[in-house]
Amino acid sequence: MQKTKFKDLFIVKNKSHKDQRGYFKELIRENKIKKKFPFTVMSYSKRNVIRGLHLQRKKSQGKFISVIKGKIFDVALDLRKNSKTFGLFYKCILSSKNSKSLYVPPGFAHGFQALEEENYVVYSCTRYRDSLSETSIRYNDKELNIPWPLKKKIASEKDTNALSLEEYKGFYFK
């Protein structure tokens, strides 16, 4: 496990066992990271797609992010009210080749930009999805100034019209 400056946010270098047939890769070992993941989902994204920055407010999820195929620029934004790193983001590259996964703790918004033609991302979550408590922070918020690596960006209407960080603070931290 590789720690970051963000409390409880860390990188895991997954073990791969390779031979002439291909490889076998461990993605998650609950006994090593001391978390339970009852809910696992997958997304497929084409090059330039941005997903996020998403979070659940009331039933916040921890997420263990792994790339099965492709490469992503991954971002986790700290929105924990009393955190020393509130409003700051962590960024990294996750790919099928570098075999890294990122654990994003509850209270963070998460998003990524797909960097290759085909990108398959697996999210193992500490809680089930609660669509009623979902919200998003605008990926291109000028206050955050996230350095998305690809100039062309494809985002959903929901993500394009998400809250700015300032709007989020005003709405949730009155």
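Residues numbered from 1 in each chain as written. Predicted model: local features only at pLDDT ≥ 70, side-chain atom pairs only at ≥ 80, totals over all residues. Heavy atoms only, no water.

**Student:** Pulling in residues and values, what's your account of the environment of Pro 149?
**Tutor:** Structurally, the position occupied by Pro 149 is in the loop between strand S13 (134–136) and helix H2 (157–160). Along the chain, Pro 149 and Ile 72 lie 77 residues apart, while their C-alpha atoms are 9.8 Å from each other. What Pro 149 contacts, discounting residues up to four positions off in sequence, is Phe 73, Gln 113 and Leu 115. (Helix = DSSP H or I, 4+ residues; strand = E, 2+ residues; numbered from the N terminus. Contact = heavy atoms within 4.5 Å.)

**Student:** Break down the pattern of salt bridges for me, with residues and values.
**Tutor:** Scanning the model with the defined rule gives 11 salt bridges in all. The partner of Arg 29 in a salt bridge is Glu 26, with the nearest N and O atoms 3.7 Å apart. By relative accessible area, which is 35% here, Arg 29 ends up partly exposed. Residue Glu 26 is classed as partly exposed on the basis of its relative accessible area of 23%. The structure contains a network of salt bridges with shared partners spanning Arg 129, Glu 134 and Lys 158. (Salt bridge = Lys/Arg side-chain N within 4 Å of Asp/Glu carboxyl O. Buried < 20%, exposed > 50% of the residue type's maximum accessible area, 1.4 Å probe, protein only.)

**Student:** Give me the lowdown on the state of the cysteines, citing residues and values where you can.
**Tutor:** Taken as a whole and assessed by the stated rule, the structure comprises 0 disulfides. With no disulfide of its own, Cys 92 lies closest to Cys 125 among cysteine sulfurs, the gap being 16 Å. (Disulfide = S-S within 2.5 Å.)

**Student:** Lay out the sheet that holds strand S11 (residues 108–114) with the relevant residues and their values.
**Tutor:** The 5 strands are arranged S9-S8-S11-S6-S13 in an open sheet whose pairing can be described as antiparallel. Pairing within the sheet leaves two strands with one partner each, and these edge strands are strand S9 (89–95) and S13. Strand-to-strand twist in this sheet, taken as the mean axis angle between neighbours without regard to direction, amounts to 25 degrees. Taken together, the 7 bridges between strand S8 (residues 71–78) and S9 define a ladder with antiparallel strand orientation. Looking across to S9, one finds that Ala 76 is bridged to Tyr 90. (Pairing = 2+ DSSP bridges. Axes fitted to C-alpha atoms, helices over the stretch in contact; angles between N-to-C directions.)

**Student:** Please give an account of the sheet that holds strand S12 (residues 118–125) that cites residues and values.
**Tutor:** Taken in spatial order, the 6 strands line up as S1-S2-S10-S7-S12-S5 in an open sheet, and their pairing is antiparallel. What marks the edges here is a single partner per strand, and that holds for strand S1 (2–3) and strand S5 (39–46). Relative to S12, strand S7 (residues 63–69) is paired through 6 bridges, and the arrangement is antiparallel. Note that in S12 the partner of Ile 65 across the bridge is Tyr 123.

**Student:** I'd like a description of the pairing of S7, backed by residues and values.
**Tutor:** Among the 7 residues of S7, 5 are classified as buried, and the element is accordingly described as predominantly covered. Direction of pairing for S7 relative to strand S10 (residues 100–104): antiparallel, over a ladder of 4 bridges. Within S10, the residue paired with Ile 65 across the bridge is Leu 102.

**Student:** Talk me through the side chain of Ser 133; I want residue IDs and the actual numbers.
**Tutor:** Tracing the backbone through its elements, the reader meets Ser 133 in the loop between S12 and S13. For Ser 133, a relative accessible area of 5% corresponds to the buried category. In this structure, Ser 133 is in contact with Leu 55, Gln 56, Arg 57, Lys 58 and Lys 59, ignoring residues within four places of it in sequence.

**Student:** Go over the environment of Arg 29 with me, naming the residues and quoting the values.
**Tutor:** Tracing the backbone through its elements, the reader meets Arg 29 in the loop between strand S4 (22–25) and helix H1 (30–33). Measuring from C-alpha to C-alpha, the distance between Arg 29 and Lys 169 comes to 35 Å, with 140 residues separating the pair along the chain.

**Student:** Kindly report on unusual backbone geometry, identifying the contributing residues and their values.
**Tutor:** In this structure, the amide linkage connecting Gly 52 to the following residue, Leu 53, adopts the cis form with an omega of 20 degrees. Along the chain, the position of Leu 53 falls in strand S6 (residues 50–56). Although it is not a glycine, Ser 99 adopts a positive phi angle of roughly 55 degrees. With a phi angle near 55 degrees, Asn 145 is a residue other than glycine that sits in the positive phi range. Along the chain, Asn 145 turns up in the loop between S13 and H2.

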